[in-house]
Amino acid sequence: MKKTHILGIVVIALAIGIIISTAGDASSYVTFTQAAELAKSGESDGVHVVGTLTKDAQGKIINMVYQPQVDPNRFEFTLVDTENHLQKVVYNSPKPQDFDRSEQVVVIGSMQGDHFRADKILLKCPSKYQDNKLETKEYEAKTAKL
């Protein structure tokens, strides 16, 4: 065999090894029920849960708690997953800027006892520039300083 053939086989083998190693780190989209089961089995790192916010007839979010005067790094809200299961979500960072406008929310984190601890929040808000299109923003947990 030629040296170029051997080099090509080595490069392909390395690429396959990298793809397999990163595929194991990928998280999956689950419901809150599945997230609780994963937490019990010890496999709850970085699961994604898609849901909508609970809103009243006027469009105001229900069960949202954010008191920046008391603790700027604690934001709580209720999310309804795709199976219509209500779950309290705790995000240990300030409330994301466009949270009130969001139509769909993806929380990334894990179940901890009676609540879901979110490390990241992805918001899908209606675009202010184009009709019927969603704008996505990602927020990562960071500690606010006073």
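Residues numbered from 1 in each chain as written. Predicted model: local features only at pLDDT ≥ 70, side-chain atom pairs only at ≥ 80, totals over all residues. Heavy atoms only, no water.

Caption draft 1: Molecular detail of the pattern of salt bridges. Overall, the coordinates contain five salt bridges when judged by the stated rule. The partner of glutamate 76 in a salt bridge is arginine 74, and the shortest N-O contact between them spans 2.7 Å. What makes glutamate 76 buried here is its relative accessible area of 16%. Between arginine 117 and aspartate 119 there is a salt bridge; the shortest N-O distance is 2.1 Å. Bridged by salt links that share partners, the residues Arg74, Glu76 and Lys88 form one connected network. (Salt bridge = Lys/Arg side-chain N within 4 Å of Asp/Glu carboxyl O. Buried < 20%, exposed > 50% of the residue type's maximum accessible area, 1.4 Å probe, protein only.)

Caption draft 2: Structural context of a nonpolar patch on the surface. Residues Met1, Ile6, Ile9, Val10 and Leu14 make up a contiguous nonpolar surface patch of about 540 Å² in total accessible area. When you line up the elements, valine 10 lands in helix 1 (residues 3-23). (Patch = residues over 30% accessible without salt bridge, like charges linked within 9 Å, V, L, I, M, F, W, Y side chains within 5 Å. Areas by Shrake-Rupley, 256 points an atom, 1.4 Å probe, with all protein chains shown as cover. Helix = DSSP H or I, 4+ residues; strand = E, 2+ residues; numbered from the N terminus.)

Caption draft 3: Focus on the packing of aromatic side chains. Under the criterion given, the structure shown has five aromatic pairs. With a centroid separation of 5.7 Å and 70° between ring planes, the pair formed by phenylalanine 32 and phenylalanine 116 is classed as edge-to-face. Pair noted here: phenylalanine 32 is in helix 2 (residues 32-41) and phenylalanine 116 is in strand 7 (residues 115-126), with a separation of 84 residues, a long-range link. Here the aromatic rings of tyrosine 66 and phenylalanine 75 are separated by 5.8 Å at their centres, their planes lie at 90°, and the arrangement is edge-to-face. Judged by relative accessible area, which is 26%, tyrosine 66 ranks as partly exposed. Residue phenylalanine 75 is classed as buried on the basis of its relative accessible area, which comes to 0%. (Phe/Tyr/Trp six-rings, centres within 6.5 Å; stacked < 30°, edge-to-face > 60°.)

Caption draft 4: A look at the environment of proline 72. Inspection of the secondary structure assignment puts proline 72 in the loop between strand 3 (65-66) and strand 4 (75-81). Among the residues examined, proline 72 registers a relative accessible area of 13% and is labelled buried. Note: C-alpha distance between proline 72 and proline 94 (22 residues apart in sequence) is 5.6 Å.

Caption draft 5: Layout of the environment of asparagine 92. Here asparagine 92 shows up in the loop between strand 5 (86-91) and strand 6 (104-112). Judged by its relative accessible area of 38%, asparagine 92 falls in the partly exposed class.

Caption draft 6: View of the pairing of strand 4. With seven of seven residues buried, strand 4 is to be regarded as a mostly interior element. The side-chain alternation of strand 4 yields two buried faces, one formed by Phe75, Phe77, Leu79 and Asp81 and the other by Glu76, Thr78 and Val80. Where strand 2 (residues 47-53) meets strand 4, three bridges bridge the pair, whose relative direction is antiparallel. Opposite glycine 51, over in strand 4, you have aspartate 81 as the bridge partner. Bridge count for strand 3 against strand 4 is two bridges, and the pairing is antiparallel. Residue valine 65 lies in a different strand from strand 4, and its bridge partner there is glutamate 76. (Pairing = 2+ DSSP bridges.)

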